[in-house]
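# Remarks on the overall topology
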Amino acid sequence: MTIAMIKITPRSRLSGPGKPVTRRPSLARQDEELRYALRRLVDGLAATREAARPGFSLALAQVLQAMEEIPLGSVLELIREKHGLDRVKKKLLRNAAFGSFFGVLALFQSGRLIKDQETLLHCVQLLQSLSQRPEYLRNLPRQALVDILSETPQAVFEEVLFSTLQADLTSAFSSPEQLHLLLVAIQKFPEVLQPKKLKKLLGSSTLVNPENVPKLVAVLKTAAKSEKKDKNLPSVGLDLLRVSLKEGAFDLFWKEAVENGLLKEKLGPNSYMCYRLLGSALPLLSLDQLQTVLRGEVMQSYGDHVVSAQLPGRFRFAPEMEAYVDAFFQDCNDPEKQFAVMVGFSALTNQGCPVVQSFWKVVKYLQPVALVKYFDWLKNMFLKPDFSCCLDFTTSRQKQNQEIANLTEHRVVCLRKWIIHRLIDLLDSQVKKEEDFVMEVARFCFFHAFFVTKKPTSEIPETESIPSPPLLERSRSVAANLFFSLLQSLNSMPVLGDTAEAAALRERHVHGVTVDGKLWISHIVRYANVLLSHEKNVKAVTPFTKEQKAAWNRMMQTVENLQEKEKSHGAEVFAFQQLLLLAGIYLFKTPTETVDLLNDLLSCMERVFDKKSKKKKCDEEEPEWVEVIVEVLLSLLSQPSLLMRRVSKSVFARICPHLSKRALHLILDVLDPEQDQDEESAVVVTEETGKKKALLEDMHRLDTGIMNLGTAEIQGSQPKATVISPQGPKAGFFSPVPGASSPQTQRPVTITSRRVLDLVEVFLTKQPENPLVFDTIEPLLLVIEQTMSSDSDKQEQDFLQKTANIFTNHLCRAKQYCKSVRDMQEHLHTLMDSLLKRACKHSDSSVALYFFSASLYLFKVLKGNVASEAATPLSPTKKKLKSREGPCDQTDQPSGTGLLDLGRVTVMYQEALSGFLTKRNCALTGSMFLDLFNRFPIMCKPLIDTIVESVTAGARQHQQAQACILLQKALQTRELKDSMAEEEWEKLIGKSIRQVTESLMAVSEFKMKVDQEKVIKCLELLSFLLKTASQQMLHVELTEVPGALQALSLQEGFGKSLRLDNIYWNVMKLLGFTRPKRKKAATQSKQPPGVEPLKRKKKGFLPATKKRKNRKQALERPQENQGMETNVEVAAEGTEAPAMGRKKKKKKNRKRKWQAESKGEQGPPTKKAKGSAGTGTQGELSKVKWKKKASRMLALLA
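Residues numbered from 1 in each chain as written. Predicted model: local features only at pLDDT ≥ 70, side-chain atom pairs only at ≥ 80, totals over all residues. Heavy atoms only, no water.

### Details of the packing of helix α15 (residues 235–246) against helix α17 (residues 268–281)
Axis separation between α15 and α17 bottoms out at 10 Å; the angle between their running directions is 50°. Viewed along their axes, α15 and α17 adopt a mutual orientation that is oblique. Note that α15 runs across α17; the crossing there is right-handed. Counting all contacts with α15, which are made through G237, L238 and L241, the residues of α17 involved are M273, L277, S280 and A281. (Axes fitted to C-alpha atoms, helices over the stretch in contact; angles between N-to-C directions. Helix = DSSP H or I, 4+ residues; strand = E, 2+ residues; numbered from the N terminus. Parallel < 35°, antiparallel > 145°, perpendicular 65-115°, else oblique. Left-handed = near helix turned anticlockwise from the far one by under 90°. Contact = heavy atoms within 4.5 Å.)

Laid out in structure tokens, this is it:
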């Protein structure tokens, strides 16, 4: 009970009193019991435990709220009587102060105090007296006065409380609590505290004036120090801010009290209070006041703090300020104020770099008007950086170091880099935006990344403003790199707009397109084409050569042709179009490396869509278009560009329905670990060694170009090495680069394999009913097998885990599967046989489990095709033909097996089951066959004979126990019994009983645990068989069973296991035997007769003779009384033995009892007289009386 009460949290303790007092007690209760309950609750207000006082206060408040007939004056008088500071001893002053405070708090929380004016006045006076004892309650009484004042009506305040609180209001500048009381009164009762009365109280008609500023600063500093640990804005600060706004003196308050007063000392608590005042003031200020505050010294100090706090171990105020700004944007609907705050924080710069991060969550709350104005401001600052409108600062550490030579150039570069990041953030955020706004941002970033204005023109708005100062090379490089991040944002952007078409596309989870269905990247390519056509007005930063210009024009023409064919060739056109546009955009970043890639890609596409080549089809090795796409995607996956990889994945998801077998094997070959080892030692060649078709040559050149493009992105201007291999896309992945070490060549293998594995996952998710799914089984199993057997690092373990997850969840456990496998029936049976044999031959059970699961998946597929096959009835002629078929005729094939050849499959699983039960080292486990019986109960009957024989013929005891488990599972399936006649079922039960009996008779010893487990499984199976025979009234032979069981109980070691003993007698009860009752063994004394029992020492307590006060007495004690003392101590110890057991769990009780015993053991122990026994009874009676009183109080509350 005590431990449970200790574990109760204060919140649950406070919620407890509300339950009994919610039921209003009847009026027939006696006044004496009511007074007793109130007296107990009032006594609890001064409890020693901290968590108990609020509980008693809440209970008293709810009692007073439920029973309005109880006068508050009498309760207040009772509180004064019990907890008056002038009536208690000095030791109890602290508890009495808390009792009086929580008593007033209970009266206030009852909701009746405001109505009783006399009691209200006395409570206020009591709180005033308690506030003079700050050593006990600190500022709690003043806070309670503020709470009472905030709930008091104006008439009550003017008539009752004003005269009482006049002294407190006059001394408002003495403490933060006093000032807070005055501020609440000014805001709550403006008609009472008019300027005339304020002048009488304070000497001035306003609170915030130049004379009172020093006093206000002193109070604010005191409040800041008191709230240092709480990290909150003191209430007096926020109320003072509101009063200054009400009096029209905000500028004076902010300039003199905050910036020139509180902030000047540069102490932590003072500065943080200024920051909190800044964040709290945002929703309260007007537009002009916001601009003043956001360009003031507090804002600059905040920026200095953010930069300095980046060092480790510093307190960071930035998250708290973000919460203030986030709350402001959520509640503010004025776009002008939103724009002012966004500009204010964006213009806070440290040597040109804004302090606020480029990614800011509050952007999502911007109104459309504010968003457009903010974008215009960012553009203007990018084109013509104006640091005069920025609040730029330099920290003291930066002033000392002075590492930057050209500070002006550094500022411009940093600001422009941050602006590009912020523009991308505007597109990534969830702010409501239109397509025109998105396109304007994309055009702005693209133009200034790759083009320069020669002559302004109205046709291109970006040329109307020329950057000043001009963009440096590093600024353009940063803008070019970030532009591809912008492309990634556009590629994953949902459809924008409020139209029905946009909503329909969003429901289909379409990304990366506009409302008209065109790709975002296509709009940017068109804009780039417009820029290239205006050579008089703009020029590219890196002008195109003739070859590059020709490739660009050829790409644009091909895209137009593809858009015309989009209706007839939807998927292939979309895939080629997206790849073409991506390569075209990369032509501006790395033109030299990309031009070959673009030309090869165009050649491949022309061959794919060439009608003449489609009509000929004379060459069987001519690859299809989907194979070309897959080769390109595999090469793109090896690149470090996240945009390329995501585009590859999205393109592959679109072409999945058109995937061919050769295209799928291009992907699966990358996952083949055996080929990896052969290809890692390949030699780099510069020419092809065989005669290839023209299309294959283009494909290999395409792979090489993409590889070089990715290398150029990382290594810059390093020399290009042409790597052409006749082995397809894996050559691009695994061909070693000259000069590279072996660890560096092995790492991309794992990374690329993981990326290719994503394509397999997409295929299995998008096309679970595709027959090509079966081709992924063996490659995935090979990856699992090879990775499991090798010593793998962390990356390979993650790769293995991902492969196993895809194989299990996306393949074997997929709810949808191929429903048209008639042409593959023989192949799937052969594959199932191969998987089972490999599972049996494997040495690792964890790997064999995946092979066995694959066989069950094929079982499900073959069996599940029954619906499609049964839907087409056979004609009479076909039935005759089918009946004449000799080898394929299966007269015993049950219905509902679909395309499954049950006889052939039975032989497979029978061999596997026999190997599991008869071979000593087999990787198969019993759970695999239990899964087989659970999912496909049709296999129980064909395998039941093998299981029954293995109960006795198992290789070891473990196999025999597993046979019992499988037999019990099979017999419990309803399908097995329904498929057998009554005589056959009775015969099976009888045979099973004989086999179990014979297995039990073969047990000769219980030396090992496996022997015991075998007997337990046999007895469990025998119990099930006996119950089945009894319930179904089967005629089975049981003559040998009792004898075998009785002989089993006589074996050595039989009774050591309680579980075995219980199961044994459960079976014997079914046979009519009764379990004998065990006789309790007589307790024998361990000590010989005539020897006195030894005294047991108390654990954790010092003996009386070891204590300092009793040490001399123990030495002088005569030896004659030694035996008597020992008996007394042993007797006392025996009575306290149960308590000693509980003391280990109750540390607090142990400490209290130890103190009590130590006091009692100061003198020598003596025998108790017979008459002294009444003292214990008297103590027990007092406990009983106390319990009765407590129950009476609870009954009254109930």
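### Section: the nonpolar core
By size, the foremost hydrophobic cluster in this structure holds 338 residues, and its most contacted members are F446, I777 and Y909. The element contributing the most residues to this core is helix α30 (residues 570–589), with 13 residues. Every residue in contact with I777, bar those within four places of it in the chain, is listed here: F807, L811, L831, L835, A854, Y857 and L858. (Core = buried A, V, L, I, M, F, W, Y, C linked by side-chain atoms within 4.5 Å. Buried < 20%, exposed > 50% of the residue type's maximum accessible area, 1.4 Å probe, protein only.)

### A short note on helix α28 (residues 520–533)
Here α28 spans 20 Å end to end across 14 residues, near enough to the 20 Å set by a 1.5 Å rise per residue. Restricting attention to buried positions, one finds in α28 the residues W520, I521, S522, I524, V525, Y527, A528, L531 and L532. (Expected span 1.5 Å × (residues − 1).)

### Describing the sheet that holds strand β1 (residues 348–350)
In spatial order, the strands read β2-β1-β3; together these three strands make up an open sheet with mixed pairing. Every other strand in the sheet has two partners, leaving β2 (353–354) and β3 (391–393) as the edge strands with one partner each. Sheet analysis places β1 next to β3, joined by three bridges and oriented parallel. Bridged to L348 within β3 is L391. (Pairing = 2+ DSSP bridges.)

### Observations regarding the packing of helix α10 (residues 140–151) against helix α11 (residues 154–170)
Pairs of packed helices are described in terms of their axes, by the angle between the two and the distance that separates them. With their axes 13 Å apart at the nearest point, α10 and α11 run at an angle of 155° to one another. Relative to α11, the element α10 lies roughly antiparallel. Between α10 and α11 the crossing geometry is left-handed. Contacts from R142, L145 and L149 of α10 reach α11 at F157, L161, L165 and D168.

### Topic: the environment of D833
Within the secondary structure layout, D833 lies in helix α42 (residues 825–841). Taking the C-alpha atoms as reference points, D833 and Y909, 76 residues apart in sequence, are found 8.8 Å from one another.

### A word on the pattern of salt bridges
Under the criterion given, the structure shown has 24 salt bridges. Among the ionic pairs, K221 bridges to E265, the shortest N-O distance being 2.3 Å. Highlighted residues: K221 in helix α14 (residues 213–226) and E265 in the loop between α16 (250–262) and α17, separated in sequence by 44 residues. Owing to a relative accessible area of 39%, E265 belongs among the partly exposed residues under this scheme. The salt bridge partner of R838 is E785, with a shortest N-O separation of 3.5 Å. (Salt bridge = Lys/Arg side-chain N within 4 Å of Asp/Glu carboxyl O.)

### Concerning the packing of aromatic side chains
Going through the model one piece at a time under the given rule, you end up with 39 aromatic pairs. Consider the rings of Y272 and F315, whose centres lie 4.9 Å apart with planes at 65°: the pair is edge-to-face. You can see Y272 sitting in helix α17 and its partner F315 sitting in the loop between α19 (297–308) and α20 (318–331), a full 43 residues away along the chain. Residue class for Y272 comes out partly exposed when judged on its relative accessible area of 22%. Relative accessible area serves as the criterion here: at 28%, F315 is assigned to the partly exposed category. A ring pair is formed by F446 and F483, whose centres lie 5.2 Å apart and whose planes are at 50°; its orientation type is tilted. Of this pair, F446 sits in helix α25 (residues 435–450) while F483 sits in helix α26 (residues 473–491); the two residues are 37 residues apart in sequence, bridging distant segments of the chain. Given the relative accessible area of 1%, F483 is considered buried. Counting every residue linked through ring pairs, the aromatic cluster contains F446, F447, F450, F451, F483, F484, Y527, F544, W552, Y586 and F588. Here the guanidinium or amino end of R416 rests over the ring plane of F382, the centre of that ring lying 5.6 Å away. A cation over a ring is seen here: K819 above Y817, with NZ or CZ 4.9 Å from the ring centre. (Phe/Tyr/Trp six-rings, centres within 6.5 Å; stacked < 30°, edge-to-face > 60°. Lys NZ or Arg CZ within 6 Å of the ring centre and 35° of its normal.)

### Some remarks on the state of the cysteines
Tallying each qualifying case throughout the model produces zero disulfides. Looking at the unpaired C840, the closest cysteine sulfur is the one in C922, lying at 5.5 Å. C964 forms no disulfide, and the closest cysteine sulfur to it belongs to C1018, at a distance of 3.6 Å. Taking the relative accessible area as the measure of exposure, C964 reaches 1% and is therefore buried. (Disulfide = S-S within 2.5 Å.)

### Points about the environment of S244
By the element assignment, S244 lies in helix α15. Look at S244 and you get buried, because its relative accessible area is 0%. Here the alpha-carbon distance between S244 and T206, two residues 38 residues apart in the chain, equals 9.2 Å. Setting aside chain neighbours within four positions, we find S244 in contact with V208, A249, F250 and F253.

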